[in-house]
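An overview of the molecular structure
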Amino acid sequence: MTPGIDDLCNDILDRHHAYLHQALPLIHAQLVHLSEDHPLRIAALGEARMVFEDLTHQLLSHLAKEENLLFTALDALAKADREGTRLPALPFPTVLHPIRMMEAEHARILVAMDRLRQITGGFIARQGAPDEWQECLSELEALDADLRLHLRVENEVLFPLALEVERSLL
């Protein structure tokens, strides 16, 4: 049985959003610590920290929109679909508009992750780099993998399903 929109939203929230809310401040703290303790020993550190801070800003804004607006609307669509009722009143004419905005933000987020990957040499520390830098790079690599899966699930599964359900309720 195919999961419903609300099931997918809850899985994304429980798995990916919760991970991001936990991982982002931890990685930031690692980068700050490294900047204070090893600023000259890690060539990519300053730029990596700057790109990561921009990425974090993008992600927190993005998560807030999904959690407080889009996913709430998708839950309402799922409920209407389950109960066989009409299209519920939504804060926008169609879910297509916020979905397209989220997809555009996903693309910008991936550009930032690609930049982090490039800056850090594929999340691999140079020989002689502090162990803390390798740990940070491992965390960044895990973040990259989770984000790519998260965004793929939204773009390729959740969003098409939501548009299909919305069309069926018209």
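Residues numbered from 1 in each chain as written. Predicted model: local features only at pLDDT ≥ 70, side-chain atom pairs only at ≥ 80, totals over all residues. Heavy atoms only, no water.

**Considering helix H2 (residues 45–83)**
Counted at 1.5 Å a residue, the expected span for H2 with its 39 residues is 57 Å, and the 53 Å between its end C-alpha atoms agrees. Helix geometry: H2 is bent most strongly at Glu-66, by close to 40°. Gly-84 occupies a position one or two residues after H2 and carries a positive phi of about 70°. (Helix = DSSP H or I, 4+ residues; strand = E, 2+ residues; numbered from the N terminus. Expected span 1.5 Å × (residues − 1). Bend = angle between axes of the 7 residues up to and from the residue.)

**A few points about unusual backbone geometry**
Phi is positive for Phe-123, close to 65°, though the residue is something other than glycine. Along the chain, Phe-123 turns up in the loop between helix H3 (96–119) and helix H4 (131–169).

**Some points on the layout of surface pockets**
The calculated volume of the largest pocket comes to roughly 220 Å³. If you trace the largest pocket, you find 15 residues lining it, with Ile-42, Ala-43, Ala-44, Arg-126 and Trp-133 closest to the centre. Of the residues assigned to the lining of the largest pocket, the class counts are nine nonpolar, four polar and two charged. (1 Å grid on protein atoms, 1.4 Å probe; cavity = no way out; pocket = protein on both sides within 12 Å on 5 of 7 lines; lining within 4 Å. Points joined across faces, edges and corners; volume = space filled by probe spheres on them. Nonpolar A, V, L, I, M, F, W, Y, C, P; charged D, E, K, R; others polar.)

**Here we look at a negative patch on the surface**
Taken together, Glu-36, Asp-37, Asp-131, Glu-132, Glu-135 and Glu-139 make up a surface patch of like negative charges. Counting only elements with at least two residues in the negative patch, the list comes to helix H1 (5–37) and H4. Considering every element that reaches the negative patch, the biggest residue donor is H4, with four residues. Among the structural elements, Asp-131 can be located in helix H4. (Patch = residues over 30% accessible without salt bridge, like charges linked within 9 Å, V, L, I, M, F, W, Y side chains within 5 Å. Areas by Shrake-Rupley, 256 points an atom, 1.4 Å probe, with all protein chains shown as cover. Salt bridge = Lys/Arg side-chain N within 4 Å of Asp/Glu carboxyl O. Lys, Arg positive; Asp, Glu negative; His and termini not counted. Charge placed at Lys NZ, Arg CZ, Asp CG, Glu CD.)

**Let's talk about the side chain of His-150**
Note on placement: His-150 falls in helix H4. The buried category is assigned to His-150, whose relative accessible area is 1%. (Buried < 20%, exposed > 50% of the residue type's maximum accessible area, 1.4 Å probe, protein only.)

**Describing the pattern of salt bridges**
On inspection of all chains with the given rule, the structure shows nine salt bridges. Across the pair Glu-105 and Lys-65 runs a salt bridge whose closest N-O atoms are separated by 2.4 Å. Remark: Lys-65 occurs in helix H2 and Glu-105 occurs in helix H3; sequence separation between them is 40 residues. With a shortest N-O distance of 2.8 Å, Glu-103 and Arg-100 are connected by a salt bridge. Of this pair, Glu-103 and Arg-100 both sit in helix H3, three residues apart, roughly one helical turn. Classification of Arg-100 by relative accessible area gives partly exposed; the value is 44%. Here the residues in one salt-bridge network are Asp-114, Arg-117, Asp-144 and Arg-148, joined through shared partners.

**What to know about the side chain of His-106**
Locating His-106 in the fold gives a position in helix H3. Residues contacting His-106, with those up to four places away along its chain left out, are His-62, Glu-66, Leu-151, Glu-154, Asn-155 and Phe-159. (Contact = heavy atoms within 4.5 Å.)

**Quick notes on the packing of H2 against H3**
Direction vectors running N to C along H2 and H3 enclose 160°, while the axes themselves pass 10 Å from each other. Classified by the angle their axes make, H2 and H3 are roughly antiparallel. Where H2 crosses over H3, the handedness of that crossing is left-handed. Residues that form the contact of H2 with H3 fall into these classes: 15 nonpolar, three polar and six charged. (Axes fitted to C-alpha atoms, helices over the stretch in contact; angles between N-to-C directions. Parallel < 35°, antiparallel > 145°, perpendicular 65-115°, else oblique. Left-handed = near helix turned anticlockwise from the far one by under 90°.)

**Overview of the packing of H3 against H4**
It is at 11 Å that the axes of H3 and H4 come closest, and there the two elements cross at 165°. By the angle class used here, H3 and H4 are roughly antiparallel. In terms of crossing hand, the pair formed by H3 and H4 is left-handed. Contacts between H3 and H4 involve Leu-96, Ile-99, Arg-100, Met-102, Glu-103, His-106, Ile-109, Leu-110, Met-113, Asp-114, Leu-116 and Arg-117 on the former and, on the latter, Leu-140, Leu-143, Asp-144, Leu-147, Arg-148, Leu-151, Glu-154, Asn-155, Phe-159, Ala-162, Leu-163 and Glu-166. Each residue belonging to the contact of H3 with H4 can be placed in one class, and the counts come to 14 nonpolar, two polar and eight charged.

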